[in-house]
Amino acid sequence: VLLGHIDNHSGTPEEAEELAVATLHEHLRWSRSKAGRVLARVRTLGWVRVGEGDIITLTPRGADHLHAFRRRHSISGA
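Residues numbered from 1 in each chain as written. Predicted model: local features only at pLDDT ≥ 70, side-chain atom pairs only at ≥ 80, totals over all residues. Heavy atoms only, no water.

J.: When you look at the overall build of the protein in this model, what are you seeing that I'm missing?
T.: Within the protein, the secondary structure is distributed over 5 helices and 2 strands. Computed over C-alpha atoms, the radius of gyration of the protein comes to 12 Å, within 12% of the 12 Å expected from 2.2 N^0.38 for 78 residues, which places it in the range of a compact globule. In terms of overall dimensions, the protein has a C-alpha envelope of 30 × 25 × 25 Å along the principal axes. In the protein, which comprises 78 residues, the proportion classed as buried is 36%. For the protein, restricting intrachain contacts to residue pairs at least 6 apart in sequence, the fraction spanning at least 24 positions comes to 42%. Carbon and sulfur atoms make up 52% of the accessible area of the protein, which totals about 5000 Å². Counting 11 positive and 9 negative side-chain charges, the protein places the averaged centre of each group 12 Å from the other. (Helix = DSSP H or I, 4+ residues; strand = E, 2+ residues; numbered from the N terminus. Rg over C-alpha atoms; globule rule 2.2 N^0.38 Å. Buried < 20%, exposed > 50% of the residue type's maximum accessible area, 1.4 Å probe, protein only. Contact = heavy atoms within 4.5 Å. Areas by Shrake-Rupley, 256 points an atom, 1.4 Å probe, with all protein chains shown as cover. Lys, Arg positive; Asp, Glu negative; His and termini not counted. Charge placed at Lys NZ, Arg CZ, Asp CG, Glu CD.)

Encoded structure:
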């Protein structure tokens, strides 16, 4: 879910709001603690990084993982 959310909002005008560490939990309708746990996990896996302005982005490894998941489950990127 998190990787898809990042992919959907990367490069959009809403990116700064949708992908900010501080507000991520609101957009996913998760508790702050859940968002923090999931973010820590995907960072450890090397799937995301937190960059300038505390904006979360997919790494190439994360994008590969997401696209493989979508192919396995026949989920489009749209």
